[in-house]
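# Architecture at a glance
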Amino acid sequence: MSIRGALALAPPSTTIAASSFNRALSVVADRWSMQILRDSFAGVRRFEQFRTCSGAPRATLADRLKGLVDRGVLERVRYRNAPPRYEYRLSAQGTDLFGATLLLLGWEQLWMPPGAARQPLRHKACGHLMSPELICSLCGQPVTFENTEYEILRMHGKARLPAPLRRRLSSPSKKATDGVTRRSLIELADLIADRWSLLVLCAGFLGLRRYDDIQDAVGIATNILAHRLMQLVEHGMCSRRQYSEHPPRYEYHLTEKGRDLFPVAFMLMQWGDRWLVPGHGGNLRVRHKECGSLVRGVVSCGRCGEPLSAHEVNVPVSAAQIR
Ligand SMILES: [Zn+2]
Ligand SMILES: [Zn+2]
């Protein structure tokens, strides 16, 4: 089944909940985990360094590092015997998250509110400041929300869904003296690292705009959905448009800022297909309208067009942006 543009055909219930995207989010969707990942690509390996870079409380950092080790993203390696000391290195599975991490950094460069420290990305090989781009490995053309469509496969057997996260969005202190900017940055960082927000955006990527359709595809509680939609509107990722007066009903349309997260979501889904659903791939496939093929995405330098791998880009450490 191909959707988007054919909205009469709603995707089967919990399509998004059962997707590799959701599986990937069950591993990385949390602001601290995403910061650890980014700092790992910046070359950070040791607990105290992670603490300095991310500003994470000690117990939170220990919890997230353990989670990423348990899920195969990081490896805990002893680097000294007496006394025993450990560091955290990206596994092959973790290193494969480079594309998604880099695209998210590129998105932040473009869309972080004024007042955020801009941390430009430089491609070491060509020497240029650049934005990363998602490219179709078959035809070499960019892959975007606009030039893709989905196919939904029915999975055989019952899909085993990842356990829901209990983490909540944090409520930044209202006492922060630098006020609105810092609060808004933390909120945004939380929002784009939040599993439910990203799943709701994913519903938008599938072309779903109405509350009940989103709820059905994501499998989300109504109060959580209402809250996340409100935040997505507040941060300019969706706009709310009334489509019925009696009773008043609204649709949620992705804005350019929201649509620009599509490449990040795609790379996370591809990662989930590769590492978290061994043997069968996921229930969502993305077709590139430019060439008609199922997309296998690579992330390339927006200046020279060469594919990018870890160590070829100067990834800035995480929290400098928010402090
Ligand atoms: Zn293509
Ligand atoms: Zn380049």
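Residues numbered from 1 in each chain as written. Chains lettered and ligands numbered in written order. Predicted model: local features only at pLDDT ≥ 70, side-chain atom pairs only at ≥ 80, totals over all residues.

Helices and strands together make up the secondary structure of the protein chain, namely twelve helices and eleven strands. Residues counted as buried form 37% of the 323 residues belonging to the protein chain. In the protein chain, the proportion of contacts linking residues at least 24 apart, taken out of those at least 6 apart, comes to 69%. (Helix = DSSP H or I, 4+ residues; strand = E, 2+ residues; numbered from the N terminus. Buried ≥ 20, exposed ≤ 12 C-beta atoms within 10 Å, placed from the backbone. Contact = placed C-beta atoms within 7 Å.)

The next point concerns helix α12 (residues 262-275). Between its terminal C-alpha atoms α12 stretches 20 Å, which fits the 20 Å expected from 14 residues at 1.5 Å a residue. A large share of α12 lies buried, amounting to 13 of its 14 residues. (Expected span 1.5 Å × (residues − 1).)

In terms of burial, strand β11 (residues 297-301) is largely enclosed, as four of its five residues are buried. Two strands pair when backbone bridges link them, and strand β6 (residues 132-136) and β11 are joined in this way by five bridges, in the antiparallel orientation. Among the inter-strand pairings, C136 is bridged to a residue of β11, identified as G297. (Pairing = 2+ DSSP bridges.)

Packing of helix α8 (residues 195-205) against helix α9 (residues 211-218) brings their axes to within 10 Å, and their N-to-C directions diverge by 115°. The crossing of α8 and α9 is right-handed. Residue-level inspection shows L199, V200 and A203 of α8 in contact with α9, the latter providing I214, A217 and V218. Taken together, the residues of the contact of α8 with α9 sort by class into six nonpolar, no polar and no charged. (Axes fitted to C-alpha atoms, helices over the stretch in contact; angles between N-to-C directions. Left-handed = near helix turned anticlockwise from the far one by under 90°. Nonpolar A, V, L, I, M, F, W, Y, C, P; charged D, E, K, R; others polar.)

This next bit is on the pairing of β6. Of all the five residues making up β6, five are buried; the element is thus mostly covered by neighbouring parts of the structure. Here β6 shows no split at all, with P132, L134 and C136 on one side and E133 and I135 on the other all buried.

Moving on to unusual backbone geometry. A cis geometry characterises the amide bond from A82 onward to P83, with omega recorded as -10°. By secondary structure assignment, the location of P83 is in the loop between β2 (74-80) and β3 (85-90). Across the junction of H246 and P247, the peptide omega takes the value -5°, indicating a cis bond. Among the structural elements, P247 can be located in the loop between β8 (238-244) and β9 (249-254). The backbone of H311 sits at a positive phi, close to 80°, despite the residue not being glycine. Summarising the element assignment, H311 is placed in the segment after β11.

Next up on the list: the confidence of the model for the protein chain. When the pLDDT values of the protein chain are averaged, the result is 87; 87% of them are 70 or greater. Between the elements of the protein chain, mean pLDDT differs from a low of 54, seen in strand β1 (residues 2-3), to a high of 98, seen in β6. Scored below 50 in pLDDT, residues 156-160 makes one contact in the model with residues more than four places away or belonging to other chains. Below a pLDDT of 50 lies the segment residues 172-177, which in the model reaches five contacts outside its immediate sequence neighbourhood of four places, other chains included. (pLDDT = per-residue confidence, 0-100.)

This paragraph deals with the environment of G297. Within the secondary structure, G297 is located in strand β11. For G297, a count of 22 C-beta atoms within 10 Å translates into the label buried. Taking C-alpha positions, G297 is 8.8 Å from L138, a pair spaced 159 residues apart along the chain.

What follows covers α8. Given 3.6 residues to a turn, an α-helix orients residues that are three or four positions apart in the same direction. Along α8, eleven of the eleven residues are buried, which leaves the element largely enclosed by surrounding structure. Within the span of α8, buried status applies to R195, W196, S197, L198, L199, V200, L201, C202, A203, G204 and F205. Looking one or two residues past α8, G207 carries a phi angle of roughly 95°, positive in sign.

What follows is about the environment of L201. By the secondary structure assignment, L201 is in helix α8. A count of 26 C-beta atoms within 10 Å places L201 in the buried class. Counting along the chain gives 51 residues from L201 to Y252, while the straight-line C-alpha distance between them is 9.9 Å.

With that settled, consider the environment of L276. For L276, the position within the fold is in the loop between α12 and β10 (284-288). Look at L276 and you get partly exposed, because 18 C-beta atoms sit within 10 Å. Expressed as a C-alpha distance, the spacing of L276 and R23, which sit 253 residues apart in the sequence, is 6.8 Å. Residue contacts for L276: discarding those within four places in its chain leaves S20, R23 and A24.

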